Each structure stands twice: as structure tokens, then as C-alpha cells.
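Take a look at the letters that make up each chain.
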Amino acid sequence: MKISVIFTGGTIGSASDGQCISPNKENKKLLLEMYKKEYSRTMDFEIAEPYYALSENNTGKTLEKLISAVCDAAAEDCNGIIVAHGTDTLQYSAAALSYALGNICKPILLVSSNYVLTDKRANGLSNFAAAIDFIEKGYGNGVFVPYKNSDNKIYIHRASRLLQHNELSDDIFSIKNQYYGSYNGDTFIKNPDFDEKADEVKPFGRITLSEFSRNIKVFNAYTGNAYPQIDDNTKAVLIKTYHSGTICTDNDSFRKFAETIKCKNIPCYICGAENREMYESAKVFSEYGIIVLPPASFISQYMKLWLSTENNIDFSKINNKSLGGDLL
């Protein structure tokens, strides 16, 4: 059994001096040594390190390096790939890898830790061990995230379905609780309610990204929000709605924004709505050509749009097609 382990930093690759948590490359050895000691096993690990940083400092350039490193590892003779990653932007990297490699590649699992590994509260070693077990026993192909929540249960998530963390919480969830499976002790149990389509789009493969997604205007609906100014560099707009699939449309700010995107023929996408009884405020979507995306996590659709926009992929032709299991 040969597993490629790609280290990128994050809490799982950091150390604390009692006052500050900082990336520490020695933790690469620590994670592997802890696994060997705790589980009395010696594995054949192939190590790579495309970059090393706290994940909150990730940009398009670090994503580009990560995707390239994973594509390199996937082309090698290994049974699976583990990416050691920080929790803050875990969801973004997980979605990016889902679109780069799709659902038919060898298993790729992103592991993280809620605390530094030397902290007794840390779940990083448990997440790492679950990733190894998942690869060894061939429980699935494509990209996944194993993560132990505060209920002490390890969940296996399809990487394209992760939601943003709740405020002040370490727990990770899949959209509509559509996680792939979970561990009951050492036993993996597939979620009987999990369902996904086969890839309907060719995986993106190696991509290029600018450091920042300046050509996409992205914002969340909130009380009192003013809609963004649209300039000539704007290629698309993505809006995260309230939970009922609505945004504020009864003001001059929205009308000016909507008229501008319609006049400039700039696509505007709504994420968070689905097939349900429509509220009055949403009736204007069709009037201004605003496109409601299929049910999916906001982070995944942001990444899908960003990757598409910068790599000459027509998002309008693939936004309703499943890739990496993203659409419900």
C-alpha cells in the first residue's frame, strides 16, 4: 500500500508556543510518527510539499500549486492521496480539487485538525487514520474530506458538498446533511440517503488562476446591503441568498445593479434557491436574466465559476451539470 501525502501547512502542520500558532514543517514528521505509534503500523508514504502556509492565506496561486501537486501524485503509482490542509479554507481547496479531478480518479482525501497535533483535543490524527483506512479498503473514488465532529463521530464528506463552518464552531457539515458515510468505531457505514450523479462534465485538470478573483463580483445577502458597482472588468456576478432563496429586490440599489448587468450582458447567478414556491421578491430574477443555480453549496459554485472564468470554460453551459458530485 503506497499513499502520497501532500503537506500544505494549516493547523495540522503548525505548532504553538503558548501564545501563537505558526506553520512548522517539522510537523510533517510528527503526524506520520503519531500515526505509526498510535496504530502500530508502518506505511509507504510518498511526501510532497507544494507550499507551506496557514490556509487563511491561500490564494489562487496556492490553489494552482495544490492542484498541480495532486495531479502529479495521481499520475504516479499510488493507491491514494492525502492532502494535509488547514481548516479555514478547507472547503475551497476541496471544491477546487473536485473540479480538477472529478469523481472517477483514485481516492483523494483532505485531512485537517481543529487544534495543533500536540493538543489532546486535536482530531487531526483521527482524520488522518480514517483517510488511510478509506483508501486501503477502497470505499470510494474521487475527492473526500474525513472529519471528526464534536459528537466524536468521523464523517466522510463528498468534497464538493462542504458548507462553511458555523461561527465559533469547528464542526464540518455537508449541504442538506448529504455526507457520504461515517465511521462507527472502526467500521465504515455508507450513508443510505447519499445520492449523486456521475460526472456530466470533463474534469478541468491542471488549471491556471490569478492570485485574486477580481473578475467575479461575489456577495452575500444581508440586511442593508448595497449592491456592488459593476465595472468593465466584471465577467460574472454570484450572489448567496437568504435561506429561502431570496435577496432584497425592492430598492433602487438593486434596480440599478440589475439594469446594469442586463445592459452589459454580464451573467448573474443566484446560489441558495431551489425548486420551491417562489417569493414575490424573487419574481424579478427572470425579468433581469438572473440565473438560479441548481441546489449546491455556495463555496463549490464560487470555485466552479472562478475556475471556469479563468480557464476559458463556458460556465453557462456547465452550471447545471454535475462534476465531482457537487449538485444535489
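Anything mentioned here points back to the structure above.
Residues numbered from 1 in each chain as written. Predicted model: local features only at pLDDT ≥ 70, side-chain atom pairs only at ≥ 80, totals over all residues. Heavy atoms only, no water.

Enquirer: Explain helix H5 (residues 252-264) here, please?
Expert: Side chains that are three or four residues apart share a direction in an α-helix, a result of its 3.6 residues per turn. Taking 1.5 Å of rise per residue, 13 residues should cover 18 Å, and H5 covers 18 Å from first to last C-alpha, within 8% of that figure. Those residues of H5 lying buried are Phe254, Phe257, Ala258 and Ile261. Buried residues of H5, viewed axially, fall in a sector of 95°; they line one side. In H5, the exposed residues that point more than 90 degrees away from the buried face are Asp252, Lys256 and Cys263. Looking at the buried positions of H5, the neighbouring elements they touch are strand S12 (236-240), strand S13 (268-271) and helix H6 (284-287). Capping the start of H5, Asn251 holds a side-chain oxygen 3.1 Å from the backbone nitrogen of Ser253, two or three residues further along. (Helix = DSSP H or I, 4+ residues; strand = E, 2+ residues; numbered from the N terminus. Expected span 1.5 Å × (residues − 1). Buried < 20%, exposed > 50% of the residue type's maximum accessible area, 1.4 Å probe, protein only. Arc of directions from axis to C-beta. Contact = heavy atoms within 4.5 Å. Polar contact = N/O pair within 3.5 Å; in protein donor to acceptor, adjacent residues only side chain to side chain.)

Enquirer: Please explain the layout of surface pockets as it appears in this structure.
Expert: Summary: where empty space remains is shown by rolling a probe the size of a single water molecule over the atoms. Taken as a whole, the largest pocket encloses approximately 590 Å³ of empty space. Along the wall of the largest pocket there are 24 residues; nearest its centre are Leu163, Ile175, Lys240, Gly272 and Phe298. The residue makeup of the lining of the largest pocket, split by class, is 12 nonpolar, 8 polar and 4 charged. (1 Å grid on protein atoms, 1.4 Å probe; cavity = no way out; pocket = protein on both sides within 12 Å on 5 of 7 lines; lining within 4 Å. Points joined across faces, edges and corners; volume = space filled by probe spheres on them. Nonpolar A, V, L, I, M, F, W, Y, C, P; charged D, E, K, R; others polar.)

Enquirer: Please explain the nonpolar core as it appears in this structure.
Expert: Looking at soluble globular proteins, one finds that nonpolar side chains tend to be buried together. Among the nonpolar cores identified, the biggest contains 49 residues, and Val70, Val83 and Leu97 are the most heavily contacted of them. Among the elements that line this core, the one with the most residues is helix H3 (residues 90-101), at 8 residues. For Val70, the residues in contact, after removing those within four places along its chain, are Ile6, Ile81, Val83, Leu97, Leu101 and Ile108. Grouped together as the second largest cluster of nonpolar side chains are 30 residues, Tyr35, Tyr52, Phe128 and Ala130 included. (Core = buried A, V, L, I, M, F, W, Y, C linked by side-chain atoms within 4.5 Å.)

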